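The residues making up each chain are set out below.
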Amino acid sequence: MGSGCIVKADLMLKTVFAAKYVLVEPGILLEDSEVHVSDSGRILSVQRRTASTQPGVEMVDWGSAVIIPGLVNAHTHFELSSLRGRTSRSGSFTGWLAQVVAQNRARPDELSLEAARTGIRLALASGTTLAGDVTASGMAWNAAAERGGLRCIVFQEAIALASSAAGNAIAQLERSLDSSGNALLAHGISPHAPYTASAQLYLDAAALARRKGLLLSTHVAETKAELEFLQTGTGEFREFLSSLSALPEDWTPPGVSPIAYLDALGVMRQPCLLVHCNYLDEDAIAAIAARGSSVVYCPRSHAFFGHEDHPVRQLLDSGVNVALGTDSLASNDSLSILDEMRYLYKARRDITADEIFRAATVNGARALGFAELCALRPGRPADLTVLGLPQGIASNHLQEEILQGAGECTGTIVQGEVAWRKVQ
Ligand SMILES: [Zn+2]
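The rules behind these values
Counting restarts for each chain, with residues numbered from 1 along the sequence as it is written. In view of the model being predicted, local features appear only for residues whose pLDDT reaches at least 70, and side-chain atom pairs are presented and counted only at 80 or more, with totals across whole chains, interfaces and linings using the full set of residues. Secondary structure elements follow DSSP: runs of H or I of four or more residues count as helices, runs of E of two or more count as strands, with numbering from the N terminus. Residue pairs are scored as contacts if the distance between their C-beta atoms, which are placed from the backbone, is within 7 Å. Delimitation of the domains relies on an automatic or database domain assignment. Throughout, an axis means a line fitted to C-alpha atoms (over the contacting stretch in the case of helices), and angles, computed between N-to-C directions, take values from 0 to 180 degrees. For classification purposes, an angle smaller than 35 degrees is called roughly parallel, one larger than 145 roughly antiparallel, one from 65 to 115 roughly perpendicular, and anything else oblique. Crossings are sorted by hand: turned counterclockwise from the far helix by less than a right angle, the near helix makes the crossing left-handed, and turned clockwise it makes it right-handed. Residue polarity is assigned by list, with Asp, Glu, Lys and Arg as charged and Ala, Val, Leu, Ile, Met, Phe, Trp, Tyr, Cys and Pro as nonpolar; anything else, Gly included, falls into the polar class.

A.B. asks: An account of the environment of Ile337 is needed here, citing residue identities and associated values.
C.D. replies: Inspection of the secondary structure assignment puts Ile337 in helix α13 (residues 337–347). Ile337 sits 310 residues away from Gly27 along the chain, and the two C-alpha atoms are 18 Å apart. Beyond its immediate chain neighbours, meaning those up to four positions away, Ile337 contacts Leu71, Val72, Asn73, Ser126, Gly127, Thr128, Leu324, Thr326 and Ala360.

Below, the structure written as structure tokens:
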């Protein structure tokens, strides 16, 4: 087939998705409109609803609903979905982490696979079209590949605090990148956190990411204890790692903040997702802004651990790309980004509805390397979330109404295909 045929095929109208409202991008709402999608899953146009239908074109009318750019969960762990309600916050972060580590050790791959399948199903059923998922077992990749439907960057996790173990960890990581999935899947790499990954592992992982053109994601600046451990090598992380015999004798604290540490290692000189960032000083925020790194804020996981106020306002004011994540069901009640948005709207009145919708759509897509998913414009992949709305709901302050609880996910569309639909 010549390239001319491909271009022509791309222009063929396949499906029309109609609804009472279409949110082209946060802040831009159209009434009684349709999204026209090509047979290659791209948006051809967004226009006022027309009465006529064309032969061979599928018409999907969502009725009293709003079609919005697909919701993005920029940080989760699908394979931990079996841990819902099976961990408690027993006083400290490391107490919680010890419970997760113990349950992970006892879990065979089949259970991780089953949990990942559950996580993906829950994500699609709550409107997620794109996810940044972290997997230690590798089973999330298998689950996403067999299920299809969800656009996903699967970050393979690496843990090794001994410098001498970095080589093995990287070799293992490289092997995991060989697995092939479907057109919606891409690999990423994730050194776990500064208290479980050595400087050498970060250096090698960042080099690998650059060589392969992959995104890098890492948990960072999540707790005060992490700051103390990096600054002085003391505190609950020393006790926790020692209890697991995981603290190498030659490990020395870098004596700086977690962000200064990653920046000095060159991790932030490439596209990366800095997950949590609950504790940042002004220098750290300035460094993140200067490097153009994305921050993934997980509001309900943040609340689960009872952290101090998140510096999300300062990050946004500094021009940082802030995305939202649910983290896993080991520290959250659901994998719904809509739930995350609603929680954030209630908890932080200094963050506007527009900013919350942006964080959950535009910013998440940009963080995961899909800047073209930012708005419903011609030529862009048709990743859409449909929120069913109460009959007669007015367009005034629709975003605010949704954040206050109006509506629920009724459809999830990825690359023009309905990946999930609520059974009426
Ligand atoms: Zn996480």
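A.B. asks: Please provide a residue-by-residue account of the domain arrangement of the chain, values included.
C.D. replies: When the parts of a complex come together, some accessible area is lost, and that lost area is often used as the size of the interface. We note that the domain assignment places domain 1 (3–70 + 375–421) and domain 2 (74–372) within the chain. Look at where the C-alpha atoms of domain 1 and domain 2 centre, and you get two points 31 Å apart. Contacts between the two partners involve 20 residues from domain 1, matched on the other side by 22 residues from domain 2. Secondary structure elements with two or more residues in the side of domain 1 that touches domain 2: β5 (65–69), α15 (398–403), β15 (408–414) and β16 (417–421).

A.B. asks: Can you break down the packing of helix α3 (residues 109–125) against helix α4 (residues 139–147) residue by residue, with the values?
C.D. replies: Between α3 and α4, the shortest axis-to-axis distance is 8 Å and the interhelical angle comes to 50 degrees. Our classification of the angle between α3 and α4 gives oblique. By crossing handedness, the relation of α3 to α4 is classed as right-handed. Across the interface between the two elements, Asp109, Ser112, Leu113, Ala116, Arg117 and Ile120 of α3 pack against Met139, Ala140, Asn142, Ala143, Ala144 and Arg147 of α4. Class assignment for the residues of the contact of α3 with α4 results in 7 nonpolar, 2 polar and 3 charged.

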